[in-house]
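Chain by chain, the residues run as shown.
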Amino acid sequence: MDRKDLLARIDVPAALALLSRMVQHKSYSKTEGEKQLATFMADQMREIGLDAAVAPFGDEGRVNAVGRWKGTGGGKSLLFNGHVDTNPVTEGWTVDPWEGKVDDKFIYGIGVSNMKAGDAAYFCAVKTLIEAGVKLKGDVILTYVVGELQGGVGTYSLIEQGLRADYFINSEPTDLKAMTMHAAAFMFIIELVGNTRHLSKREEAVDAISAACDLIPRLNAMTFSGARSPAHAAINRVHVGVVHGALGRELHEWRTPQVADFVRIKGSGRYAPGQTEQGALADMRRELDALETRFPGLKAHLMSEDRAGVPTMPPFEVAPESPIVRAINDAYRAVRGEAQPTGPVAPSCFYGTDAGHLYASGGMEGIVCGPGGRYNTMPDERVDIPDYLDMIRIYMLAILDICG
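1. Comments concerning the sheet that holds strand 11 (residues 262–271)
And step 1. The four strands lie next to each other as 10-11-9-12, forming an open sheet whose pairing is antiparallel. Every interior strand has two partners, whereas the edge strands, strand 10 (237–246) and strand 12 (299–304), have only one. Neighbouring strand axes in the sheet, compared pairwise and without regard to direction, differ in orientation by 20 degrees on average.
And step 2. Inspection of the sheet shows strand 10 paired to strand 11 by nine bridges, in the antiparallel sense. Across the sheet, the residue bridging to Val243 is Ile265, located in strand 11.
And step 3. On top of the sheet, helix 6 (residues 208–220) reaches strand 9 (184–193), strand 10 and strand 11; it is set at about 170 degrees to strand 10, its chief contact.
And step 4. With respect to the sheet, helix 8 (residues 277–294) is in contact with strand 9, strand 11 and strand 12, its orientation differing from that of strand 12 by roughly 170 degrees.

Next comes the structure, spelled out in structure tokens:
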């Protein structure tokens, strides 16, 4: 059977139905629903003949689902990785976020873009190949992890348990683009301490709020030193997300005639492979030193936010000439008839993904490529049906290429 005939064998109604059923699981992070969806995926993998089970980790009863399609031997192995936990439903939805509604253009639901469509796509790719009687030399491993939104604890646990493959595909939403690099994430806190006076003597004060207003645009415009290339520098970013300013560390708000002497800023930063959190914080410290010069008497304190043992998403990178990149690029061209956008593609390059753990802790080569993205993390979250189906086709061809 040639590849064109294989691609035509996708059972489209079944593929859409599976994704709808996945959306119908309320799999919020750190809830029983997350575990139930992982268990459901283990059952689905067993039904199509995979050696599948749930893999417990931690002391809270959490589990990942792992399935293996064994090859005949002599080929490269390929691991697919995706998470089943989702962000919460927000205000503004006009469709039921748990229905898994399908119309003539989209499939809707919370988590369908981030990232149940990617999860379903690689399952359907394997299912189609198995039902067509394809035999591979290398193994295909499917993982459905929990806790990605807690820094990737699910994937990190699988790596600690020894799970490895020659190559991986992480199916986070990239709108089918091939992402070969993304940033690492860190959180920071800045405290600015000024000197209060009554507004009648404002000229004698050191106004922490005025200093914050001067500082925040400079932080948001920052890139960090030590970038290996312009592409690496392009995925540097700082964003201030929280600002509180008032009187004292207790942030008293009732005495507005006084100049504010305390501001607390919280934000997040992104840096590229080859850069470090320590280097980024040092660059930010230099910016704060300059702020203290512009505002004599101001004291600026910088610290990395304590995340209570949650792993930080590390950066990820793969060489453009890697076999897994070529396999995805070739598959995309075969399916869509054009070159695949490839590189540190924005905005996905600013996300954290489990690819960072697979690359940094697992020592594996891989790529991030999945359906969804345009309507990610928003009311009426949805995925284009043609993108979802094309992703199944691309994964099928990549499996054939890598695993033989």
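2. With respect to the nonpolar core
And step 1. In terms of nonpolar packing, the biggest core is built from 94 residues, with Leu142, Tyr388, Ile392 and Ile399 touching the most fellow members.
And step 2. With 14 residues, helix 11 (residues 385–403) is the largest single contributor of residues to this core.
And step 3. Setting aside anything within four residues of it in sequence, one finds Ile399 in contact with Leu78, Phe80, Ala125, Val126, Leu129, Leu136, Val140 and Gly404.
And step 4. Core analysis: the next-biggest nonpolar cluster, separate from the first, contains 26 residues, Ile190, Met222, Tyr271 and Leu288 among them.

Definitions and cut-offs
Residues numbered from 1 in each chain as written. Predicted model: local features only at pLDDT ≥ 70, side-chain atom pairs only at ≥ 80, totals over all residues. Heavy atoms only, no water. Pairing = 2+ DSSP bridges. Helix = DSSP H or I, 4+ residues; strand = E, 2+ residues; numbered from the N terminus. Axes fitted to C-alpha atoms, helices over the stretch in contact; angles between N-to-C directions. Contact = heavy atoms within 4.5 Å. Core = buried A, V, L, I, M, F, W, Y, C linked by side-chain atoms within 4.5 Å. Buried < 20%, exposed > 50% of the residue type's maximum accessible area, 1.4 Å probe, protein only.

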